[in-house]
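The lines below spell out each chain.
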Amino acid sequence: MAYKKQEQNKQETTQKEKCCEENKEQCNCKHEHDEKCKCENKECHCHDEKNKDNECESEECKCQDNKVNLADEYLNMARIIQADFDNYRKRSIESIKQAKRDGMISAIEVILPCLDVFKKAKQMIKDDTDKKGIEMVENEINNSLKTLGVEKIDTQNAKFDPNLHHALSIVEDKTKPDNIIVEEYQAGYKLGDKVIKYSQVIVNKLKEEK
């Protein structure tokens, strides 16, 4: 009986050695015939029955470190995707606002010439009743434009500003300051900081004395 037991143990040991030899490329752990041996992200099949948890307990094995690094990599990737999405959302909102603003400006540019016509009509009409009717329509249009945020560019006693005004001609009047607007030929308008239509004006320009 003892001889049979010894032979059985010898056969089991030989079988384990053969198994480990066959899985040598898969198992990178340094110790030999470790019943808890597992390798870097590869399973050692030497002792499946005693390692059902599929974990490597070798001190030199980097399995857990690899898992942590992989988790950090996925987390960073998720953060990058989230940041890209936030930027895309902000750009989309800004694009919608700009499209709305451009559409509003296009509509206002169609209306503004009507105000120039009203101004000329008032100069031609002599009847006060007819002139008052035209002024009522003109005022209503101006109030509607103010509601949209459109402002008339000020030219009365204002200095000429090339960012707001367009000089049609120049006069020399020594009784008035230099570079002052003496007459508005056509009104100008702006929406916020954006000029929709430049004021067309006549500017006083004094000659430099020698």
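Quick summary incoming for the structure in this document. Per-chain numbering applies: the sequence of each chain, read as written, is numbered from 1 onward. For this predicted model, a pLDDT threshold of at least 70 governs which residues receive local features, and a threshold of 80 or more governs which side-chain atom pairs are given and counted, while totals over whole chains, interfaces and linings are taken from all residues. The side-chain figures draw on all heavy atoms in the structure; neither hydrogens nor water molecules are used.

Across the sheet, 3 strands lie side by side as S1-S4-S5; this open sheet has antiparallel pairing. This sheet does not close on itself; its edge strands, each paired only once, are strand S1 (150–152) and strand S5 (194–197). Neighbour to neighbour, the strand axes of the sheet diverge by 35° on average, direction disregarded. As defined by bridge partners, strand S4 (residues 189–191) adjoins S5 across 3 bridges and the pair is classed as antiparallel. Residue pairing in the sheet places Tyr 189 in a bridge with Lys 197 of S5. The pairing criterion for strands is at least two bridges between them, as found by DSSP. Here a helix means four or more residues in a row that DSSP labels H or I, a strand means two or more in a row labelled E, and each is numbered from the N terminus. Comment: axis = line fitted to C-alpha atoms, over the contacting stretch for helices; angle = value between 0 and 180 degrees taken between N-to-C directions.

Let us look at the pattern of salt bridges. One side-chain nitrogen of Lys or Arg within 4 Å of one carboxyl oxygen of Asp or Glu is enough to make a salt bridge. The final tally for this structure, using the stated rule, is 4 salt bridges. Here Lys 197 ties to Asp 116 by a salt bridge, and the two come within 2.4 Å at their closest N and O atoms. Of the two residues, Lys 197 is situated in strand S5 and Asp 116 in helix H2 (residues 63–124); the sequence distance between them amounts to 81 residues. Accessibility expressed as a relative area gives 13% for Asp 116, which makes it buried. Among the salt bridges present, the one from Lys 119 reaches Glu 184, with a minimum N-O distance of 3.9 Å. With a gap of 65 residues between them, Lys 119 in helix H2 and Glu 184 in strand S3 (residues 180–186) connect regions that are remote in the sequence. By relative accessible area, Glu 184 is classed as buried at 18%. Via salt bridges that share partners, Lys 119, Lys 152 and Glu 184 belong to a single interconnected network. Residue burial is assigned from relative accessible area. The probe radius is 1.4 Å, only protein chains are included, and a residue is buried under 20% of its type maximum, exposed over 50%, and partly exposed in between.

Here the focus is unusual backbone geometry. Phi is positive for Asn 157, which is not a glycine, with a value near 55°. Among the structural elements, Asn 157 can be located in the loop between S1 and strand S2 (165–171). The backbone phi angle of Asn 179 is positive, close to 65°, even though this residue is not glycine. Looking at where Asn 179 falls in the secondary structure, it is placed in the loop between S2 and S3.

Given the number of residues in a helix, its expected span is that number minus one, multiplied by 1.5 Å. For helix H3 (residues 128–147), spanning 20 residues, the distance from its first C-alpha to its last is 28 Å, which sits close to the expected 28 Å at 1.5 Å a residue. In protein, a polar contact means a hydrogen-donor-capable atom and an acceptor-capable atom, both N or O and within 3.5 Å, with residues adjacent in sequence counting only if both atoms are side-chain atoms; elsewhere, any N or O pair within 3.5 Å suffices. At the N-terminal end of H3, a side-chain oxygen is found 3.1 Å from the backbone nitrogen of Thr 129, two or three residues along, and the residue is Asp 127. Taken from the residues just after H3, Gly 149 is the one with a positive phi, measuring 95°.

On to the sheet that holds strand S6 (residues 199–204), then. Here we have 3 strands laid out as an open sheet, ordered S2-S6-S3, and mixed in their pairing. With one partner strand each, in any of the chains shown, S2 and S3 form the two edges of the open sheet. Geometrically, the sheet is characterised by an average inter-axis angle of 35° between neighbouring strands, direction not taken into account. Sheet analysis places S3 next to S6, joined by 5 bridges and oriented antiparallel. From the neighbouring strand, Glu 184 faces S6, where its bridge partner is Val 201.

The next subject is the pairing of S6. Of all the 6 residues making up S6, 5 are buried; the element is thus mostly covered by neighbouring parts of the structure. Pairing of S2 with S6 involves 6 bridges; the strand directions are parallel. Paired with His 166 across the bridge in S6 is Gln 200.

Bringing the side chain of Gln 186 into the picture now. As for its position among the elements, Gln 186 is in strand S3. Among the polar contacts listed, one links the side chain of Gln 186 to the side chain of Lys 197, at a separation of 3.5 Å. We call two residues contacting when some pair of their heavy atoms lies within 4.5 Å. When residues no more than four places from it in sequence are discounted, the contact partners of Gln 186 are Asp 116, Lys 197, Ser 199 and Gln 200.

Take the side chain of Thr 155 next. Relative to the helices and strands, Thr 155 is located in the loop between S1 and S2. A distance of 2.8 Å separates polar atoms of two side chains, one belonging to Thr 155 and the other to Glu 184. Beyond its immediate chain neighbours, meaning those up to four positions away, Thr 155 contacts His 165, Ile 181, Glu 184, Ser 199 and Val 201.

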